[in-house]
Amino acid sequence: MSAADTTTPAKVPPPRQAPPPAVPKAPRRRRTSGGAVVPWALLAPCLLILALVMGYPLVRLVTLSFQKFGQSQLWGFQPAESVGFDNFGKVLGDSEFWTVVVRTIVFAVGSVVFTMVIGMLIALLLQRVSGWVKTLINIALVASWGMPIIVATTVFKWLFDSDYGVFNALLSKLPGVDMIGHNWFASGPQGLAVIMLLVVWGAVPFVVITLSAGLTQVPSELEEAARLDGAGAWGVFRYVTLPILKPIVVMLTTLSVIWDMGVFPQVFVMRGGHPEAEFQLLTTYSYDRAFVVNDYAQGSAIALLTVLLLLGVVAVYMRQMLQIGEVE
């Protein structure tokens, strides 16, 4: 064997790979002033319509609330006089106004509570029925939701009629119950309970449809894990379902308060256009002072106080919307 055969061959280093070519960075686009103008230009028609439809009436409402304005001023026999805060002083000093405020708050709170509880129960039950049953129920909910308020009020007025009402006839079939000829509108609490039932009936479909959409976002794995940990149906709902639905529940509750505080046609039509004192809410009370007593200034003052009362609820609603936007 020769020396050349026993010599270890030298290792040749691998060739260097050329670095990948640098990708050129895309030039940053500078924001032009036109980009900020486009959204406002698209919103301009909507803002213009809102200013015409809501802006002028609101300005006129504020103006009337600081003036003396009755039929003489309406027909031009006397000029409108500025009275400062006298209208607000008379309204706030009237005990009837505070009675109406308390009645309106109790009515709105009762309507919202029943709407949310019934809507949540129906939404949860819809998750446990077959597809075709869910479809039929959704069709019925949309149909009832789309029914005009005047039609629904007329139907309820017939259902609770003292002489021909179906509800009295059904209750009278119960053993020991005789409701034939019972007038539900003889007293304010019973009549407002019927109107509250009408408001709840019209508001439940929207709540059910919204909550049903929210329930589809609840992970079934979390519910199954809660059941394996020993939680019952109430425990799963309280610790799993409700926290996930909390943003939707808060928004629905706030919107329901705003809507139920502004109930007008249900009371007005149910009482034949002349609500008695026991049926007066803030909306009908303002209408009564303006167009029945012909004191448009005090009616405007009551309406403005109602707006200020609702602004607190609107502030809560906007706060919740902003919080949800930050989370997303």
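For the structure itself, look to the data block above.
Residues numbered from 1 in each chain as written. Predicted model: local features only at pLDDT ≥ 70, side-chain atom pairs only at ≥ 80, totals over all residues. Heavy atoms only, no water.

Scanning the protein from N- to C-terminus turns up 14 helices and two strands. By residue count, 32% of the 328 residues in the protein fall in the buried class. For the protein, the computed accessible surface area is about 21,500 Å², with 68% contributed by carbon and sulfur atoms. (Helix = DSSP H or I, 4+ residues; strand = E, 2+ residues; numbered from the N terminus. Buried < 20%, exposed > 50% of the residue type's maximum accessible area, 1.4 Å probe, protein only. Areas by Shrake-Rupley, 256 points an atom, 1.4 Å probe, with all protein chains shown as cover.)

Below, the discussion takes up the pattern of salt bridges. Per the counting criterion, the structure on display carries two salt bridges. The salt bridge involving Arg227 is made with Glu224; its shortest N-O contact spans 3.8 Å. One end of the pair is Arg227 and the other is Glu224, both in helix α10 (residues 220-228) and three residues apart, which spans about a single turn. With a shortest N-O distance of 2.8 Å, Arg271 and Glu276 are connected by a salt bridge. (Salt bridge = Lys/Arg side-chain N within 4 Å of Asp/Glu carboxyl O.)

Let us now look at the packing of α10 against helix α11 (residues 233-261). Packed helix pairs are specified by the crossing angle of their axes together with the interaxial distance, meaning the distance between the axes. Across the interface, α10 lies against α11 with an axial gap of 9 Å and an inter-helix angle of 160°. The angle between α10 and α11 falls in the class roughly antiparallel. By crossing handedness, the relation of α10 to α11 is classed as right-handed. Contacts between α10 and α11 pair Leu222, Glu223, Ala226 and Arg227 from the former with Val236, Val240, Thr241 and Ile244 from the latter. For the contact of α10 with α11, the per-class residue count stands at five nonpolar, one polar and two charged. (Axes fitted to C-alpha atoms, helices over the stretch in contact; angles between N-to-C directions. Parallel < 35°, antiparallel > 145°, perpendicular 65-115°, else oblique. Left-handed = near helix turned anticlockwise from the far one by under 90°. Contact = heavy atoms within 4.5 Å. Nonpolar A, V, L, I, M, F, W, Y, C, P; charged D, E, K, R; others polar.)

Now for a nonpolar patch on the surface. The grouping of Trp40, Leu43, Leu47, Leu48, Ile49, Leu50, Leu52, Val53 and Met54 at the surface amounts to a nonpolar patch, some 970 Å² of accessible area in total. Among the residues examined, Leu43 registers a relative accessible area of 45% and is labelled partly exposed. (Patch = residues over 30% accessible without salt bridge, like charges linked within 9 Å, V, L, I, M, F, W, Y side chains within 5 Å.)

The subject of this paragraph is the environment of Ile122. Tracing the backbone shows Ile122 in helix α5 (residues 95-126). In this structure, the C-alpha to C-alpha distance between Ile122 and Ile137, residues 15 residues apart in sequence, is 9.7 Å. Setting aside chain neighbours within four positions, we find Ile122 in contact with Val204 and Val208.

What follows is about the side chain of Gln298. You can see Gln298 is positioned in helix α14 (residues 296-327). Among the residues examined, Gln298 registers a relative accessible area of 11% and is labelled buried. Among the polar contacts made by the side chain of Gln298, one reaches the side chain of Arg289 at a distance of 3.1 Å. (Polar contact = N/O pair within 3.5 Å; in protein donor to acceptor, adjacent residues only side chain to side chain.)

Under the counting rule described, the total for this entry stands at 19 aromatic pairs. Seen in terms of ring centroids, Phe66 and Phe85 are 5.2 Å apart; in terms of plane orientation they differ by 85°. Their pairing is edge-to-face. With Phe66 in the loop between α2 (33-65) and β1 (67-68) and Phe85 in the loop between β2 (81-82) and α4 (86-92), this residue pair connects regions lying 19 residues apart in the sequence. Ring centres of Phe160 and Trp184 lie 5.8 Å apart, and the angle between their planes is 90°; on these two criteria the pair is classed as edge-to-face. With Phe160 in the loop between α7 (149-159) and α8 (166-172) and Trp184 in the loop between α8 and α9 (188-215), the pair connects residues that are 24 residues apart, well separated along the chain. The pair formed by Phe160 and Trp184 is uniform in burial state, with each residue classed as buried. In this structure an aromatic cluster arises from ring pairing among Phe69, Phe264, Phe268, Tyr287, Phe291 and Tyr296. The residue whose ring lies beneath Arg60 is Phe69, and the NZ or CZ to ring-centre distance is 5.5 Å. Geometry around Phe279 places Arg271 over its ring, the cationic atom sitting 4.9 Å from the centre. (Phe/Tyr/Trp six-rings, centres within 6.5 Å; stacked < 30°, edge-to-face > 60°. Lys NZ or Arg CZ within 6 Å of the ring centre and 35° of its normal.)

Taken as a whole, the largest pocket holds about 510 Å³ of empty space. What lines the largest pocket is a set of 17 residues, among which Leu124, Gln127, Arg128, Glu223 and Thr241 lie closest to the centre. Contributing elements (two or more residues each) for the lining of the largest pocket: α5, α10 and α11. Of the residues belonging to the lining of the largest pocket, the class tally is 11 nonpolar, three polar and three charged. The calculated volume of the second largest pocket comes to roughly 380 Å³. As for the second largest pocket, its lining consists of 20 residues, and the residues nearest its centre are Ile149, Val199, Gly202, Ala203 and Gln266. Looking at the lining of the second largest pocket element by element, the count peaks at six residues for α9. In terms of residue class, the lining of the second largest pocket is built from 14 nonpolar, five polar and one charged. (1 Å grid on protein atoms, 1.4 Å probe; cavity = no way out; pocket = protein on both sides within 12 Å on 5 of 7 lines; lining within 4 Å. Points joined across faces, edges and corners; volume = space filled by probe spheres on them.)

A few words on the nonpolar core. For soluble globular proteins, the rule of thumb is that nonpolar side chains tend to be buried together. Counting residues in hydrophobic clusters, the biggest one holds 23 residues, and the most contacted among them are Phe107, Ile195 and Met270. For this core, the secondary structure elements donating two or more residues are α5, α7, α9 and α12 (265-270). Ranked by the residues each element gives to this core, the list is headed by α9, at nine residues. Not counting chain neighbours up to four residues away, the residues in contact with Ile195 comprise Phe107, Gln266, Val267, Met270 and Phe279. Among the nonpolar cores identified, the runner-up in size contains 15 residues, and Val112, Val207, Leu211 and Leu245 belong to it. (Core = buried A, V, L, I, M, F, W, Y, C linked by side-chain atoms within 4.5 Å.)

Just geometry here; none of it tells us what the structure is for.
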